[in-house]
Every structure is written in structure tokens, then in C-alpha cells.
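Remarks on the overall topology
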Amino acid sequence: MMSDKIIPTIPPELEPFFAAAKEGRLEVQRCVSCGTLRFPARSLCATCLSTQSEWTPVSGRGEVYSFFWMHQVYHPAFAAEVPYAVVVVQLEEGPRLTTNILDCAKDELRVGLPVEVTFEERGPDVRLPQFRPRRA
Ligand SMILES: [Zn+2]
């Protein structure tokens, strides 16, 4: 599905994240020294202070940790979708991502809802990881 929503500007530290997403993989940073997974990208490991990190694929499965409904229109492309949910997803592997949820009825969204990653086309070269309810 091609969306006319704004294409996110990709900060340099997230280039590996979006390169993986383009190929349909969700990746987070892993500390090379102690193995701690983290997201968003940071230059220092909060556990061992190592600056050595790499990107590693995760399952894309998790659950809703928290959410709120956005009622404000900050960009015209989103006007038809207000209110939309801003969701914090806790991945099975531990890190939390702030994201949007797709294909989810308003009364279906709750803390603890099982979700999985899906990739939304935001332009010829950008696929944005989003989440949807896991129904399997
Ligand atoms: Zn570490």
C-alpha cells in the first residue's frame, strides 16, 4: 500500500534501521560487549557504557505497552485519520518502540494487546515499520 503521508527524514544513526525495514526486517541495536538490545539508537550502552554496537534482527512480535489517542492534526495528510493511536510497543526481545498501529479498531486497542510488525510504503525507497494486532 502506497501512502501519501510524509516521508520521514532519516537521521544518520537510523540508516541501518531503515535499510533493514526496506528489506522487510525489523532491527534494533545490540551492544557488542554485553549483548544488551536497545532502541532508539544510542552511541553508549546504558548497561556497560561500551560504544561498540551492531544492528540485529528481532522477531517483530510484541505487545502494546502504552498508548494514547492523537486528536490534533499536525500535518494535512493525517487529517482523515484523526484520532489515531500513538503506541509504545514492547518487543518480545525487550526494547520498546514508539509507533503507530494499523488495522486496529478503537475499542480493540488495549495495553497487552499482542501485535506484530508490518511495513508501510512511504515512498519508493522508504518502508516504515508499523504495528498491527497479531491475530494468528
Ligand atoms: Zn553493553
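The present account deals with the structure reproduced in this document. In every chain, residue numbers begin from 1 and rise along the written sequence. Note on the predicted model: pLDDT of at least 70 is required for a residue's local features to be given, and 80 or more for side-chain atom pairs to be given and counted; whole-chain, interface and lining totals, by contrast, use all residues. The basis for every side-chain value is the complete set of non-hydrogen atoms in the structure, without hydrogens or water.

A short note on the coordination of the zinc ion
Reference geometry at the metal: tetrahedral coordination by four donors gives ideal angles of 109.5 degrees; octahedral coordination by six donors gives 90 or 180 degrees. Donors, by definition, are the N, O and S atoms found within 2.8 Å of a metal, the threshold being 3.2 Å for Na, K and Ca, and water is not counted, so a site can look incomplete. The protein atoms that coordinate the zinc ion are Cys 31 (SG), Cys 34 (SG), Cys 45 (SG) and Cys 48 (SG), at distances spanning 2.3 Å. The motif formed by the donor residues of the zinc ion, counted along the single chain, is C-x2-C-x10-C-x2-C. Placement of Cys 34 in the loop between β1 (27–31) and β2 (37–38) and of Cys 48 in the loop between β2 and β3 (53–57) is noted, with a sequence separation of 14 residues between them. On the basis of relative accessibility, which here comes to 35%, the residue Cys 48 falls in the partly exposed class. To qualify as a helix, a DSSP run of H or I must reach at least 4 residues; to qualify as a strand, a run of E must reach at least 2; elements of each kind are numbered from the N terminus. For every residue, the accessible area obtained with a 1.4 Å probe (protein chains only) is divided by the maximum for its type, and the residue is called buried under 20%, exposed over 50%, and partly exposed between those limits.

What about the sheet that holds β3?
Strands were regarded as paired on the criterion that DSSP finds at least two bridges between them. The 3 strands lie next to each other as β2-β1-β3, forming an open sheet whose pairing is antiparallel. The sheet is open, and its two edges are formed by β2 and β3, each paired on a single side. Bridging between β1 and β2 involves 2 bridges; their strand directions are antiparallel. Opposite Gln 29, over in β2, you have Arg 38 as the bridge partner.

Some points on the layout of surface pockets
As a volume, the largest pocket reaches approximately 440 Å³. Every definition here rests on a 1 Å grid over the protein atoms only: cavities are sets of points where a 1.4 Å probe fits but cannot get out, pockets are open sets enclosed by protein on both sides within 12 Å along at least five of seven lines, and lining residues have some atom within 4 Å of a point. Considering the residues around the largest pocket, the lining is formed by 18 residues, among which Thr 98, Thr 99, Asn 100, Leu 128 and Gln 130 are closest to the centre. Residue composition of the lining of the largest pocket, grouped by class: 13 nonpolar, 4 polar and 1 charged. Grid points are joined across faces, edges and corners, and a volume is the space filled by probe spheres set on the points. Reported here for the second largest pocket is a volume of approximately 250 Å³. Every residue lining the second largest pocket is counted, 16 residues in all, and those nearest its centre are Lys 5, Glu 81, Tyr 84, Ile 101 and Leu 102. Residues are sorted three ways: Asp, Glu, Lys and Arg are charged, Ala, Val, Leu, Ile, Met, Phe, Trp, Tyr, Cys and Pro are nonpolar, and all the rest, Gly among them, are polar. In the lining of the second largest pocket, the residues fall into 10 nonpolar, 2 polar and 4 charged.

Some words on the nonpolar core
Buried Ala, Val, Leu, Ile, Met, Phe, Trp, Tyr and Cys residues that are joined via side-chain atoms within 4.5 Å together make up what is termed a nonpolar core. Counting residues in hydrophobic clusters, the biggest one holds 26 residues, and the most contacted among them are Phe 17, Leu 26, Leu 91, Ile 101, Leu 109 and Phe 131. The element best represented in this core is strand β5 (residues 84–91), accounting for 4 residues. Here Phe 17 is in contact with Leu 26, Glu 27, Phe 39, Trp 55, Leu 97 and Pro 129, once residues within four sequence places are set aside. Contacts: residue pairs with any heavy atoms within 4.5 Å of one another.

Some points on the side chain of Arg 122
Along the chain, Arg 122 turns up in the loop between β7 (114–121) and β8 (127–133). A polar contact of 3.2 Å, which involves the side chain of Arg 122, links it to the side chain of Glu 120. Under this definition, polar contacts are N or O atom pairs within 3.5 Å; protein pairs additionally need one hydrogen-donor-capable and one acceptor-capable atom, and for neighbouring residues in sequence, both atoms have to be side-chain atoms.

Side note on the environment of Trp 55
Along the polypeptide, Trp 55 turns up in strand β3. In the structure, Trp 55 is positioned 12 residues away from Ser 43 in sequence and 12 Å away in space, judged by C-alpha atoms. Contact partners of Trp 55, with chain neighbours within four places excluded, come to Glu 13, Leu 14, Pro 16, Phe 17, Glu 27, Val 28, Gln 29, Phe 39 and Ala 41.

Thoughts on the packing of aromatic side chains
Centres within 6.5 Å make a pair out of two Phe, Tyr or Trp rings, where for Trp the six-membered ring is used; the pair is then stacked when the planes are under 30 degrees apart, edge-to-face when over 60, and tilted otherwise. Inspection of the entire model under this criterion finds 4 aromatic pairs. Aromatic side chains Phe 17 and Phe 18 sit 5.3 Å apart centroid to centroid with 90° between the ring planes, which places their arrangement in the edge-to-face category. Note on Phe 39 and Trp 55: the rings are 6.5 Å apart at their centroids and 75° apart in plane angle, and the pair reads as edge-to-face. On the criterion of sequence distance, the pair formed by Phe 39 in the loop between β2 and β3 and Trp 55 in strand β3 is long-range, its members being 16 residues apart. Trp 55 shares its class with Phe 39; the two are buried. The structure contains a cluster of three or more aromatic residues connected by ring pairs, namely Phe 17, Phe 18, Phe 39 and Trp 55. One cation-aromatic arrangement involves Arg 96 over Tyr 65; the distance from NZ or CZ to the ring centre is 3.6 Å. Two limits define a charge over a ring: the Lys NZ or Arg CZ must be within 6 Å of the ring centre, and within 35 degrees of the ring normal. Here Lys 106 stacks its cationic end above the ring of Trp 69, 4.9 Å away from the centre of that ring.

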